[in-house]
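The chain contents come next:
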Amino acid sequence: MTQQFDLTDDQREIQELARRFTADRITPFAAEWDEKHVFPRDTIKAAAELGFASIYVSEESGGINLGRLESALIMEAMAYGCASTSAFISIHNMASWMIDRFGSQAVKDKYLPRLVVMDEIASYCLTEPGSGSDAAALKTKAVKDGDDYIVTGSKQFISGGGENEIYVTMVRTGEDGPKGISCLVIEKDMPGVSFGANERKLGWHSQPTAQVMFDGVRVPKENLVGAEGEGFRIAMMGLDGGRLNIGACSLGGAQRCLDEAISYTKDRKQFGSAIADFQNTQFMLADMATELEAARALLYMAAAKVTANAPDKTKFAAMAKRLATDTGSSVADRALQLHGGYGYLMDYPIERFWRDLRVHSILEGTNQVMRMIVGRELTRQ
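Notes on the structure follow. None of the values given here were measured: they were computed from a predicted structure.

A few points about the overall build of the protein chain
- Along the backbone of the protein chain there are 11 helices and 10 strands.
- Against the 2.2 N^0.38 benchmark of 21 Å for 381 residues, the protein chain shows a C-alpha radius of gyration of 21 Å, consistent with a compact globule.
- Across its three principal axes, the protein chain shows a C-alpha extent of roughly 80 × 50 × 35 Å.
- Across the 381 residues that make up the protein chain, the buried fraction comes to 56%.
- Residue pairs at least 24 apart in sequence account for 73% of intrachain contacts in the protein chain once pairs closer than 6 positions are excluded.
- Looking at the protein chain, you have 42 positive and 51 negative side-chain charges, and the mean spots of the two groups are 4 Å apart.

With respect to the state of the cysteines
- Tallied over the full model, the rule gives zero disulfides.
- Cysteine Cys82 remains unbridged, with the sulfur of Cys249 as its closest cysteine sulfur at 9.4 Å.

Overview of the pattern of salt bridges
- Evaluated as defined, the whole model comprises 22 salt bridges.
- Residue Lys110 is joined to Glu222 by a salt bridge in which the shortest nitrogen-to-oxygen separation is 3.1 Å. Taken together, the residues Lys110 in helix H6 (residues 105–115) and Glu222 in the loop between strand S7 (209–220) and strand S8 (224–225) connect sequence positions 112 residues apart.
- Assessed through its relative accessible area of 32%, Lys110 is described here as partly exposed.
- Arg233 serves as the salt-bridge partner of Glu230, at 3.7 Å between the closest nitrogen and oxygen.
- Sharing partners across several salt bridges, the network here consists of Asp34, Glu351 and Arg355.

Side note on unusual backbone geometry
- Its identity is not glycine, yet Phe157 carries a phi of approximately 60°, on the positive side.
- On the secondary structure map, Phe157 appears in strand S3 (residues 148–159).
- Of note, Glu364 is a non-glycine position whose phi angle comes to about 55°, a positive value.
- Its place among the elements puts Glu364 in the loop between helix H10 (350–358) and helix H11 (367–380).

Observations concerning H6
- Among the residues making up H6, those that are buried are Val107, Lys108, Tyr111, Leu112 and Leu115. Looking straight down H6, one finds its buried side chains confined to an arc of 110°; they lie on one side.
- Packing partners of the buried residues in H6 comprise helix H5 (83–102), strand S1 (122–125), strand S4 (166–172) and strand S5 (181–187).

Describing the layout of surface pockets
- Considered as a void within the structure, the largest pocket measures approximately 1300 Å³ in volume.
- Taken together, the elements giving at least two residues each to the lining of the largest pocket come down to H5, S1, S3, helix H7 (231–267), helix H9 (313–339), H10 and H11.
- The leading source of residues in the lining of the largest pocket is H7, at seven residues.
- Along the wall of the second largest pocket there are 24 residues; nearest its centre are Leu7, Leu73, Glu76, Arg296 and Tyr300.
- At the level of secondary structure, the elements contributing two or more residues to the lining of the second largest pocket comprise helix H1 (9–25), helix H4 (68–79), H7 and helix H8 (279–307).

Digging into the pairing of S4
- With seven of its seven residues buried, S4 lies for the most part within the structure.
- Side chains Ile166, Val168, Met170 and Arg172 of S4 all project onto a buried face; the interleaved residues Tyr167, Thr169 and Val171 project onto the opposite face, where all are buried too.
- For S1 and S4, the ladder comprises four bridges, and the chain directions are parallel. Residue pairing across strands places Cys125 opposite Thr169, the latter belonging to S4.
- Two elements, S4 and S5, share seven bridges in a ladder whose sense is antiparallel. Bridge pairing in S5 places Val171 opposite Ser182.

Examining the nonpolar core
- Core analysis: the biggest nonpolar cluster contains 108 residues, and Tyr124, Val151, Met170, Leu184, Ile186 and Leu299 have the highest contact counts within it.
- With 13 residues, H7 is the largest single contributor of residues to this core.
- Excluding residues that lie within four positions of it along the chain, Leu184 makes contacts with Ala142, Tyr149, Val151, Tyr167, Val168, Thr169, Val171, Val219, Asn223 and Leu224.
- Ala318, Val369, Met370 and Ile373 belong to the second-largest nonpolar core, a separate cluster that totals five residues.

Re the packing of H9 against H10
- Between H9 and H10, whose axes approach to 9 Å, the crossing angle comes to 160°. The angle between the axes of H9 and H10 places the two elements in the roughly antiparallel class. Crossing angle aside, the handedness with which H9 passes H10 is left-handed. Contact with H9, carried on its side by Gly328, Ser329, Ala332, Asp333, Ala335, Leu336 and His339, involves Ile350, Glu351, Trp354, Leu357 and Arg358 of H10 and no other residues of that element.

Concerning the environment of Met301
- You can see Met301 is positioned in helix H8.
- Judged by its relative accessible area of 40%, Met301 is partly exposed.
- In the structure, Met301 is positioned 15 residues away from Phe316 in sequence and 8.1 Å away in space, judged by C-alpha atoms.

Looking at the environment of Ser206
- By secondary structure assignment, the location of Ser206 is in the loop between strand S6 (193–195) and S7.
- The buried category is assigned to Ser206, whose relative accessible area is 3%.
- Residues Ser206 and Ala23 lie 183 residues apart in sequence; the distance between their C-alpha atoms is 17 Å.
- In this structure Ser206 touches Trp33, Val38, Phe39, Pro40, Cys82, Ser84 and Thr85, once residues within four positions along its chain are discounted.

The rules behind these values
Residues numbered from 1 in each chain as written. Predicted model: local features only at pLDDT ≥ 70, side-chain atom pairs only at ≥ 80, totals over all residues. Heavy atoms only, no water. Helix = DSSP H or I, 4+ residues; strand = E, 2+ residues; numbered from the N terminus. Rg over C-alpha atoms; globule rule 2.2 N^0.38 Å. Buried < 20%, exposed > 50% of the residue type's maximum accessible area, 1.4 Å probe, protein only. Contact = heavy atoms within 4.5 Å. Lys, Arg positive; Asp, Glu negative; His and termini not counted. Charge placed at Lys NZ, Arg CZ, Asp CG, Glu CD. Disulfide = S-S within 2.5 Å. Salt bridge = Lys/Arg side-chain N within 4 Å of Asp/Glu carboxyl O. Arc of directions from axis to C-beta. 1 Å grid on protein atoms, 1.4 Å probe; cavity = no way out; pocket = protein on both sides within 12 Å on 5 of 7 lines; lining within 4 Å. Points joined across faces, edges and corners; volume = space filled by probe spheres on them. Pairing = 2+ DSSP bridges. Core = buried A, V, L, I, M, F, W, Y, C linked by side-chain atoms within 4.5 Å. Axes fitted to C-alpha atoms, helices over the stretch in contact; angles between N-to-C directions. Parallel < 35°, antiparallel > 145°, perpendicular 65-115°, else oblique. Left-handed = near helix turned anticlockwise from the far one by under 90°.

Printed below as a string of structure tokens:
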């Protein structure tokens, strides 16, 4: 009975590869990246050499064509060292997959050879200053003009804004609502593209975040991904995987916090004993570990459903994202508490994970929207 819940040998090899990469190239440097707001482009490029920039891009397009569970294993492993950097790589994977899955051969040939090796990096542009959770209300317009679209508008909270070369952007080409939305690939150097200042964030310091602005940007019609009017569907399909990955990042960060808390409480002595010997501490650690394993099991199951294109994949992706990200933040918070005053210091990694994991309950769809998705699916049955 237990075999169905085990990882395959290939999945364990992928997980171990990601763990070794993290131990060598991410964990030793993550605190400095956070403190000095360093964008570790060389490290991200090194991840691409392992195929981690094209996890579910097809082999025909140069990717490694793995499933969503394998992707979650990779993101979880890298987030153990730095949740911010792992999440950044996840977003690139989502944008690249959209081009591969829905783009014409022309747009694939134009962009994917450089994206799969991260010679260029892609951003995902959906959120706007006036449309966050209500994504279908976006206002950025793309008007046909000969063989081009003229794009005008702006996108908010874009990871890689100003740094990345490629922006997979949802634009309005038709009527109000989701059916009027299309998807275009826009390049950083196209005339009329500009960027706001790098946002001053609570966490995610190892990646830039900025507003992206389009002022009459002329984009070739061949850069259309999918057909006109399919953009919202493409965006939502991308988010099924993105939600799994961000949940996996929460799992990895929370596992690091739990491991740090176990180590610290075994070493820290108060009242003549290691605080790990106190029943209160053991109960806290037991709850943290139990909740983390439950969230992991749901996320892995949801990943299998998305890979299999199961009818309930979106519901399970929303469930898993909600549980994993809420659990991740809760585990980090309790790990900080177990560290006492030292947990509040930058000398220890807990406060960094506490800051980095907090945003996971907001992005890729807020956890309130995740509840809406699940509740809507339940009441439709």
